[in-house]
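Listed below, chain by chain, are the residues.
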Amino acid sequence: MADGAQEEARGPRRHGRPPGTDDATVEALGLLSEALETTQRARGSLYDFHQLTGGADRTVGEAVRRLREAGHGEQADLVAREVQGADVLPGMWTFQIVEAYDDGYHRRFTEVERQVRAALGGGRAHIAEAEMKQRRETN
């Protein structure tokens, strides 16, 4: 990419305020973007939850095996029946929770944010942040 094209991809045209866009609109778009970024963090936490719960279930399986080896079949059966491989929410394992979030709320939010940004911000992302960067730069 030529230097000018790189600058355009990073510079004011990519993030600049479209002509006629007022401060209130830029602020609202910034808040919507911030909220979407927060859902990205929540999504990551769901993946943490999914992986941590899966790891715990594998450890429960090992505990069941060790309980049996130690001669505690009744307790091993209890743990295996009530905990090992159990639904985390009614009818759902953690991967299903992650999929429901991804395919429902998160996908819908991402699309709506894109539509609003296209309608009000010329499709440009991070206008408020780019303006903050310009105000704070100390060349």
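Refer to the structure above for everything that follows.
What counts, and at which threshold
- Residues numbered from 1 in each chain as written.
- Predicted model: local features only at pLDDT ≥ 70, side-chain atom pairs only at ≥ 80, totals over all residues.
- Heavy atoms only, no water.
- Axes fitted to C-alpha atoms, helices over the stretch in contact; angles between N-to-C directions.
- Helix = DSSP H or I, 4+ residues; strand = E, 2+ residues; numbered from the N terminus.
- Parallel < 35°, antiparallel > 145°, perpendicular 65-115°, else oblique.
- Left-handed = near helix turned anticlockwise from the far one by under 90°.
- Contact = heavy atoms within 4.5 Å.
- Nonpolar A, V, L, I, M, F, W, Y, C, P; charged D, E, K, R; others polar.
- Buried < 20%, exposed > 50% of the residue type's maximum accessible area, 1.4 Å probe, protein only.
- Salt bridge = Lys/Arg side-chain N within 4 Å of Asp/Glu carboxyl O.

Caption draft 1: Inspection of the packing of helix H3 (residues 23-69) against helix H4 (residues 73-82) at higher detail. In the contact formed by H3 and H4, the axes pass within 8 Å of each other and the chain directions differ by 160°. Considering their axes alone, H3 and H4 lie roughly antiparallel with respect to each other. For H3 against H4, the interelement crossing comes out left-handed. Here Val60, Val64, Leu67 and Arg68 of H3 lie close against H4, whose contacting residues are Gly73, Gln75, Ala76, Asp77, Val79 and Ala80. Here the contact of H3 with H4 is built from residues that sort into six nonpolar, two polar and two charged.

Caption draft 2: Fine view of unusual backbone geometry. Non-glycine residue His126 carries a positive phi angle of around 55°. Mapping His126 onto the fold places it in the loop between helix H5 (94-121) and helix H6 (127-136). Among the residues examined, His126 registers a relative accessible area of 34% and is labelled partly exposed.

Caption draft 3: Local environment of the environment of Ser45. Take Ser45: it is sitting in helix H3. Expressed as a C-alpha distance, the spacing of Ser45 and Val98, which sit 53 residues apart in the sequence, is 9.8 Å.

Caption draft 4: Inspection of the pattern of salt bridges at higher detail. For the coordinates displayed, the defined rule picks out 12 salt bridges. Across the pair Asp23 and Arg17 runs a salt bridge whose closest N-O atoms are separated by 2.8 Å. Among the residues examined, Arg17 registers a relative accessible area of 28% and is labelled partly exposed. Each of Glu62, Arg65, Arg66 and Glu69 takes part in one network of salt bridges that share partners.

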